[in-house]
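Inside the fold
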Amino acid sequence: WLVIDRKVYDVSKFSKQHPGGSRVISHYAGQDATDAFVAFHNDKSLVRKYLKSLLIGELAPDQPSFESNKKKSLLEDFRELRCTIEKMGLLRPNYIFFFLIFLHLLVLDAASWLTVWYFGISLVPFLVGMAFFTIAQIQMGWFQHDLGHCSVFRKPKWNRILQLVVINVLKGLPASWWNHLHNQHHAKPNCFRKDPDLNMHPLLFSLGKTLSVEVSMGMAGEAKILKLESYRVRVSGLQLARYNVFSFFSLEKRRRSSCLTIISISISSVTVYILLYNQEEKVVGKH
């Protein structure tokens with residue numbers, strides 16, 4: 001059960017069909033999910049139609065609609081700030097800006113390959129190509145981040161399609177994997193056991209007295225698992241380990257779109273070897 005605008009909903013069965021994943025919605029079990037609901041759903045009128053069948057009651061007048069560890073004044077200020085931002089139109093996307101972002105990352109990515117292909121694999125062309133490629137990959141990461149938040153187009157469908165192109169095909173990472181983790185991060189930011197960013201790097205991002213104690217206690221029982229994973233990464237290599245993890249996630253979740261990831265990684269790896277092999281043949285032929 002969770003609360004949205006003081007109304008109580010039973011999402012026990014619906015959580016398995018939730019488009020954002022069952023974990024995101026289950027993280028708010030027994031809690032008020034009003035602010036998360038507003039933040040995650042653009043078309044709230046459409047979503048509320050599905051909520052009608054899940055409604056089981058309302059909070060009693062004497063019951064607060066927020067947890068005891070939260071300040072009511074802070075929540076009210078945040079909601080007022082959000083309303084002001086929406087009225088000012090600051091959440092409306094600039095299509096020209098995102099088009100130029102997409103165009104320039106394609107140009108940088110193509111320039112990285114063409115530099116190595118045309119000028120060879122000597123030090124200077126290699127460093128220039130690596131710089132182009134690195135900048136392009138970073139920009140792709142942030143661009144697909146906005147697409148994953150459905151912040152570029154009004155219709156979520158178009159955001160998802162372009163995100164598949166950017167992160168699956170161009171970066172070689174599954175969009176379903178990224179959305180699965182990132183949605184949880186924004187649903188429960190900096191909450192240990194619920195925010196995947198903390199679970200992956202707990203020692204780097206644990207600040208404050210409460211969170212640090214929770215992390216240290218949780219890490220004690222997971223020390224053996226972390227040692228095993230670090231050993232596996234050292235033996236297999238970082239790229240191979242990343243490939244295995246993403247491929248396993250794609251196949252386990254049965255996401256057809258994520259299969260593009262496996263194909264993209266394979267094609268890009270083969271292409272790199274072919275380009276470098278041809279350049280080496282040219283150098284050997286000249287000598």
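Owing to the predicted nature of the structure, the values given are computational and were not obtained by experimental measurement. (Residues numbered from 1 in each chain as written. Predicted model: local features only at pLDDT ≥ 70, side-chain atom pairs only at ≥ 80, totals over all residues. Heavy atoms only, no water.)

Now for helix α4 (residues 72–87). For α4, spanning 16 residues, the distance from its first C-alpha to its last is 23 Å, which sits close to the expected 22 Å at 1.5 Å a residue. One or two residues past the end of α4 sits Gly-89, with phi positive at roughly 80°. (Helix = DSSP H or I, 4+ residues; strand = E, 2+ residues; numbered from the N terminus. Expected span 1.5 Å × (residues − 1).)

What follows concerns the pattern of salt bridges. Inspection of every chain in the model, using the stated rule, returns four salt bridges. With its nearest N and O atoms 3.8 Å apart, the salt bridge here joins Arg-79 to Asp-32. Residue Arg-79 is located in helix α4, and its partner Asp-32 is located in the loop between α1 (22–26) and α2 (34–40); the two are separated by 47 residues in the primary sequence. Residue Arg-79 is classed as partly exposed on the basis of its relative accessible area, which comes to 32%. Relative accessible area serves as the criterion here: at 8%, Asp-32 is assigned to the buried category. Two residues, Arg-82 and Glu-86, come together in a salt bridge whose shortest N-O distance is 3.3 Å. Placement of the pair is Arg-82 and Glu-86 together in helix α4, with a separation of four residues, close to one helical turn. For Arg-82, a relative accessible area of 24% gives the class partly exposed. On the basis of relative accessibility, which here comes to 37%, the residue Glu-86 falls in the partly exposed class. What you see here is one network of salt bridges that share partners, running through Asp-32, Asp-35 and Arg-79. (Salt bridge = Lys/Arg side-chain N within 4 Å of Asp/Glu carboxyl O. Buried < 20%, exposed > 50% of the residue type's maximum accessible area, 1.4 Å probe, protein only.)

Before going further, it helps to examine the packing of aromatic side chains. Per the stated rule, a full pass over the model turns up six aromatic pairs. Ring plane angle 35° and centroid distance 6.2 Å describe the contact between Phe-98 and Phe-143, whose orientation is recorded as tilted. Here Phe-98 is found in helix α5 (residues 95–119), whereas its partner Phe-143 is found in helix α6 (residues 123–148), with 45 residues between them in sequence. Judged by its relative accessible area of 12%, Phe-98 is buried. An angle of 25° between the planes, with centres 5.6 Å apart, marks the rings of Phe-102 and Phe-143 as stacked. In this pair, Phe-102 is assigned in helix α5 and Phe-143 in helix α6, connecting sequence segments 41 residues apart. The residues Phe-102 and Phe-143 share a single accessibility class, namely buried. (Phe/Tyr/Trp six-rings, centres within 6.5 Å; stacked < 30°, edge-to-face > 60°.)

Here Arg-92 shows up in the loop between α4 and α5. Distance in space between the C-alpha atoms of Arg-92 and Val-152 is 8.4 Å, their sequence separation being 60 residues.

With antiparallel pairing, three strands are arranged side by side in an open sheet as β1-β2-β3. The two strands at the open ends of the sheet, each matched to only one other strand, are β1 (2–4) and β3 (55–58). Here the average twist between neighbouring strands, direction ignored, is 35°. In the sheet, β1 pairs with strand β2 (residues 7–9) via three bridges, with the strands oriented antiparallel. Paired with Ile-4 across the strands is Lys-7, a residue of β2. (Pairing = 2+ DSSP bridges. Axes fitted to C-alpha atoms, helices over the stretch in contact; angles between N-to-C directions.)

In this structure, Leu-2, Ile-4, Tyr-9, Val-11, Tyr-28 and Leu-51 are the most contacted members of the largest nonpolar core, which totals 13 residues. Elements with a contribution of two residues or more to this core: β1, α1 and α2. Discounting residues that sit within four places of it in the chain, Ile-4 has contacts with Tyr-9, Ala-33, Thr-34, Phe-37 and Leu-51. Formed by twelve residues, the second largest nonpolar core is a distinct cluster that contains Phe-98, Leu-108, Ala-136 and Leu-147. (Core = buried A, V, L, I, M, F, W, Y, C linked by side-chain atoms within 4.5 Å. Contact = heavy atoms within 4.5 Å.)

Where α5 meets α6, the axes come as close as 8 Å, and the angle between the chain directions of the two elements is 155°. The angle between the axes of α5 and α6 places the two elements in the roughly antiparallel class. In the packing of α5 onto α6, the handedness of the crossing is left-handed. Across the interface between the two elements, Phe-98, Ile-101, Phe-102, His-104, Leu-105, Leu-108, Asp-109, Ala-111, Ser-112, Thr-115, Val-116 and Phe-119 from α5 touch Pro-125, Val-128, Gly-129, Phe-132, Phe-133, Ile-135, Ala-136, Gln-137, Gln-139, Met-140, Phe-143 and Asp-146 from α6. Here the residues of the contact of α5 with α6 sort into 16 nonpolar, six polar and two charged. (Parallel < 35°, antiparallel > 145°, perpendicular 65-115°, else oblique. Left-handed = near helix turned anticlockwise from the far one by under 90°. Nonpolar A, V, L, I, M, F, W, Y, C, P; charged D, E, K, R; others polar.)

Attention shifts here to unusual backbone geometry. Positive phi, close to 55°, is recorded for Asp-5, a residue that is not glycine. For Asp-5, the location among the structural elements is in the loop between β1 and β2. In this structure, Arg-6 takes a positive phi of about 70° despite not being glycine. Turning to its location among the elements, Arg-6 is positioned in the loop between β1 and β2. Exposure remark for Arg-6: the relative accessible area of 30% places this residue in the partly exposed category.

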